[in-house]
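# Coordinates in review
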Amino acid sequence: MRTYRIQLNERAYTASVEQTGEDVFKVTIDGEVFESESLRRDSISTWLVRSTNDEIRAQTRVLPADKVDVWLAGTPFQASVQVVGTGGYAIPTPGIGEQRISGDIRAPMPGRITSILIREGESVDLGTPLLILEAMKMQNELTSPTAGHVKSIHVQEGATVKKDSLLIVVE
Amino acid sequence: MKLLIANRGEIALRIIRTCRKLGVRTVQAYSDPDRDSLPLRYADERYALGGATPAESYLNIEKLVRAALHTNCDAVHPGYGFLAEEGSFVKACEENNLNFIGPSSTALEKLGNKLSARRTMREAGVPVIPASEGPVKDEDEAATVAEKIGYPVILKAVYGGGGRGMRIAKASDEARRFFRVTKLESLSAFGRGEVYIEKRLVNPRHVEIQTVCDKHGKVVSLGERECSIQRRHQKLLEEAPSVAVNESLRHQLDDAAKKGLSAAGYTNAGTVEFLIDKSGKFYFLEVNKRLQVEHLVTEMTTGIDLVEEQLKIATTSTLGLSQDEVHINGWAINCRINAEDSRSFAPSPGTVIHYHPPSGPGVRCDSALFSGYTIPEYYDSMVAKLATWGRDRAEAIQRMKVALDEVEIVGVPTTIPLHRLLMRDEGFIQGNFNTTYLNTILPQMNSNLLRLERYAVAAAATSRLRNPTPTTAHRMSETSRWRMSARTQQMTAKPGW
């Protein structure tokens, strides 16, 4: 039996894995039992994961630095998997009070800035529309993740931006 | 006939398939990012348009006409979107003796934009929704007109289509703000900025009639499709027939569609969209003057190849089909699979590192995906249409459940989780939904994601046990996408339905 500490979408889980057959594993996650069966062993593996009330097929890919990519039901996940008790270290679970919302507004996708809706120094509320980013023919209104004032604007209307480029800083 | 395909992706491939069946030679026009795309492999010839953006390629009339003439084509199929309903493109084709697979430029003009279509339909006696007389000129007028019509209203790009260039306003500040956004979006997407305002019906259903019309005035209805499952005015799931339509309503809708299209002198495949309110009253919404994304469900219930009918009408002027020969058999459902985060609907271009389409009896998957395909950021996010047929609706749903379980699209987030949820949703199964129904499903996506997360944890743990160190090195750039997708989830999903 191996125990792993797994962080996924900013939540931490403890999973103990026990091999019960050649390709079958019993996985206990915080008390809930799953069965994970290996269906394809390759650089992209396929697993059939069963619980008492449902079963889902998943594809996984193991990456360096303890990272595992998982795709299931059309949803991507990236997990950070640490072995507990063999040199791995526990990952702190962020409590609600610890989560800091960054006021850096970055481009969530590549695209073009069609419109900037605020000015530097303007005060904004949570949810105030800041700019419109056009990507894949859709106008995506980016809104402020926090209340504050616009500290700086790093793009101009009409500019083409790469994903992750810094657009606006709200403080 | 030799046909230039002035489109890309799954619809280009769809058209090529019928052409190959009929022995029609095809030329696939393509942009730079589409050089390795699937349609190029099955067309007889390929023609590079150059450029990456739609404006440089699939929206460039001059280049497309040159492509057709240069390759000795005598016909052009526009697919859907891009130039499919663009009057100046139809005119350019006509002037160069190219057979445009679609309506004539005269018929297009009568239905050319949303306002002229309303006028044509109203004159033909088809009920229309209350709206502004013409386009509104500025924010002030938008607020005044909206007030007069009564909130909620919907701001629409006069030249819009495909669900783009539309916003719902519930109060005057929204009417003002959305006037600006709609105008911008319209200018960028359609090259024209006119916006008009229409009354927003409360929780209507969206039902449309598929027709084929020949050049002698014959209009044949291929039955209705139900397209009420939408987000941001874009259809996400379609089915044929509709649970909301009984024999008497079907007859009335068919009749209205035929009257309207005849009045416009319409030819080729066309769809008349209607909104149906709670009392069963119906209103004309718009005419889609092209082959539609969801045409495949009609093909599955009628057995008719719509692209073949389009080509027949364009070449022989005559339909080889009469109304008596159309029989609706069973039920078909189509799920649009978009490369998008299924909660925020933020588009997610990227590389599909592994793809396995589902199959089996009554399953059809129209897609230009393949393992290793990179979804370009320049075009639409729809990557596959997964449709199932059943002898009845329940069987179509059962098959869809299985197919959604089978499909593997690894590398980008998709709308699959939403469709999985819908296939298990009591309201959807009962057929009890309208155009705002998806809003009520979305909150379930979060708890659903939390549930999926535990399965992901189990798979990650066993994967790590089986494969403690990666056998091959992976570039970090391949993983950065997942960080992006985590961030787009934080992005506010706008309530612009």
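Residues numbered from 1 in each chain as written. Chains lettered and ligands numbered in written order. Predicted model: local features only at pLDDT ≥ 70, side-chain atom pairs only at ≥ 80, totals over all residues.

Moving on, we come to the overall build of chain B. Helix and strand counts for chain B come out as 16 helices and 20 strands. Based on the C-alpha atoms only, the size of chain B along its principal axes is roughly 70 × 55 × 45 Å. Across the 497 residues of chain B, 55% fall into the buried class. A separation of at least 24 residues holds for 67% of the contacts in chain B among residues at least 6 apart in sequence. (Helix = DSSP H or I, 4+ residues; strand = E, 2+ residues; numbered from the N terminus. Buried ≥ 20, exposed ≤ 12 C-beta atoms within 10 Å, placed from the backbone. Contact = placed C-beta atoms within 7 Å.)

All right, on to the overall build of chain A then. Helix and strand content of chain A: zero helices and 16 strands. Counting only residues that meet the buried cut, chain A has 35% of its 171 residues in that class. Relative to all contacts within chain A whose residues are 6 or more apart in sequence, the contacts with residues 24 or more apart total 38%.

Before going further, it helps to spend a moment on unusual backbone geometry. Note the cis peptide between tyrosine 151 of chain B and proline 152 of chain B, where omega equals -5 degrees. The linkage connecting alanine 240 of chain B with the following residue, proline 241 of chain B, adopts the cis geometry, with an omega of -5 degrees. As for its position among the elements, proline 241 of chain B is in the loop between β11 (234–240) and α9 (247–264). Residue aspartate 66 of chain A is not a glycine yet carries a positive backbone phi of 60 degrees. Positionally, aspartate 66 of chain A belongs in the loop between β6 (55–63) and β7 (67–72).

What follows covers the sheet that holds strand β2 (residues 11–19) of chain A. Residue and element names in this part refer to chain A. Read around the closed barrel, eight strands run β1-β2-β3-β4-β5-β6-β7-β8, paired in antiparallel fashion. Each strand axis lies, on average, 35 degrees off the axis of its neighbour in the sheet, ignoring direction. As defined by bridge partners, β6 adjoins β7 across six bridges and the pair is classed as antiparallel. For threonine 60, the partnering residue across the bridge sits in β7 and is valine 70. (Pairing = 2+ DSSP bridges. Axes fitted to C-alpha atoms, helices over the stretch in contact; angles between N-to-C directions.)

We now examine the interface of chain B and chain A. Chain B puts 59 residues into the contact, and the matching count from chain A is 62 residues. Here the element with the most residues in the side of chain B that touches chain A is helix α15 (residues 437–466) of chain B; it accounts for 16 residues. Split by residue class, the side of chain B that touches chain A holds 28 nonpolar, 18 polar and 13 charged. (Nonpolar A, V, L, I, M, F, W, Y, C, P; charged D, E, K, R; others polar.)

Turning next to the environment of arginine 420 of chain B. As for its position among the elements, arginine 420 of chain B is in helix α13 (residues 416–423). The sequence separation of arginine 420 of chain B and isoleucine 409 of chain B amounts to 11 residues, and the corresponding C-alpha distance is 14 Å. Arginine 420 of chain B has contacts with Ala73 of chain A together with Leu404 of chain B, leaving out every residue within four places of it along the chain.

Attention now moves to the confidence of the model for chain A. Residues and elements named next belong to chain A. Looking at chain A, pLDDT values average 85 and 89% of them are 70 or higher. Element-level mean pLDDT values for chain A span from 78 in strand β13 (residues 138–143) up to 97 in strand β3 (residues 24–29). In this model residues 86–100 is a low-confidence stretch, pLDDT under 50, and it forms 13 contacts with partners more than four residues away in sequence or in other chains. (pLDDT = per-residue confidence, 0-100.)

Residues and elements named next belong to chain A. Here we have four strands laid out as an open sheet, ordered β9-β16-β14-β11, and antiparallel in their pairing. A strand with exactly one partner marks an edge of an open sheet, and here the two such strands are β9 (104–106) and β11 (123–124). Bridge count between β11 and strand β14 (residues 148–153): two bridges; the pairing is antiparallel. In the sheet register, serine 123 faces β14, and the bridge partner there is histidine 149.

So, about the pairing of strand β8 (residues 75–83) of chain A. All names here are of chain A. Here five bridges tie strand β1 (residues 2–8) to β8, and the two strands are oriented antiparallel to one another. Within β8, the residue paired with arginine 5 across the bridge is glutamine 82. Sheet topology note: the β7/β8 ladder contains six bridges and is antiparallel. Residue pairing for β8: valine 70 is matched across the bridge by phenylalanine 77. Between β7 and β8, which pair antiparallel and follow one another directly, the connecting turn spans two residues, one of which, alanine 73, has a positive phi of 50 degrees.

It is worth spelling out the environment of serine 116 of chain B at this point. Residues and elements named next belong to chain B. Inspection of the secondary structure assignment puts serine 116 in helix α6 (residues 114–123). Given 15 C-beta atoms within 10 Å, serine 116 falls into the partly exposed group. Between the alpha carbons of serine 116 and glycine 280 there is a distance of 25 Å; along the sequence they are 164 residues apart. Here serine 116 is in contact with Lys110 and Leu111, once residues within four sequence places are set aside.

Residue and element names in this part refer to chain B. As a packed pair, helix α7 (residues 139–149) and helix α8 (residues 172–190) sit with axes 8 Å apart at the nearest point and diverge in direction by 135 degrees. Between α7 and α8, the interaxial angle falls into the category oblique. Along this stretch, α7 crosses α8, giving a crossing that reads as right-handed. In this structure, α7 contributes Glu139, Ala142, Ala143, Ala146 and Glu147 to the contact, and α8 contributes Ser172, Ala175, Arg176, Phe179 and Arg180. (Parallel < 35°, antiparallel > 145°, perpendicular 65-115°, else oblique. Left-handed = near helix turned anticlockwise from the far one by under 90°.)

This part takes up the domain arrangement of chain B. Under the domain assignment used here, chain B contains domain 1 (2–101), domain 2 (130–199) and domain 3 (205–440). Taking the mean C-alpha position of each, domain 2 of chain B and domain 3 of chain B sit 27 Å from one another. (Domains from an automatic or database assignment.)

In this section: the confidence of the model for chain B. Residues and elements named next belong to chain B. Per-chain confidence: chain B averages 92 in pLDDT, with 94% of residues scoring 70 or above. This model gives residues 471–497 a pLDDT under 50, and the stretch forms 50 contacts once residues within four places in sequence are excluded. In the model output, the complex is listed with pTM 0.83 alongside ipTM 0.80.

The subject of this paragraph is the packing of α6 of chain B against α9 of chain B. Residues and elements named next belong to chain B. Where α6 contacts α9, the two axes come as close as 9 Å, and the packing angle between them is 115 degrees. Classified by the angle between their axes, α6 and α9 sit roughly perpendicular to one another. With respect to the hand of their crossing, α6 and α9 are arranged in right-handed fashion. Here α6 contributes Thr120, Met121 and Glu123 to the contact with α9, which in turn contributes Gly260, Ala263 and Ala264. Per-class residue counts for the contact of α6 with α9 are three nonpolar, two polar and one charged.

Attention now moves to the domain arrangement of chain A. Domain annotation for chain A reports domain 1 (2–83) and domain 2 (101–170). Centre-to-centre separation of domain 1 of chain A and domain 2 of chain A, based on C-alpha positions: 36 Å.

All names here are of chain B. Between its first and last C-alpha, helix α12 (residues 393–406) extends 20 Å over 14 residues, near the 20 Å set by a 1.5 Å rise per residue. Among all positions of α12, only Ala396, Arg399, Met400, Ala403 and Leu404 are buried. Projected onto a plane normal to the axis of α12, the buried residues spread over an arc of 135 degrees and lie on a single side. On its buried face, α12 sits against β14 (331–338), β17 (363–367), β19 (382–390) and α13. (Expected span 1.5 Å × (residues − 1). Arc of directions from axis to C-beta.)

This part is about α6 of chain B. Residues and elements named next belong to chain B. Turning to α6, its buried residues are Lys114, Ala117, Arg118, Thr120 and Met121. Looking straight down α6, one finds its buried side chains confined to an arc of 165 degrees; they lie on one side. Those residues of α6 that are buried are in contact with α5 (105–110), β6 (153–161), β8 (195–199), α9 and β13 (282–288). Of the residues one or two after α6, glycine 125 is the one with positive phi, at around 90 degrees.

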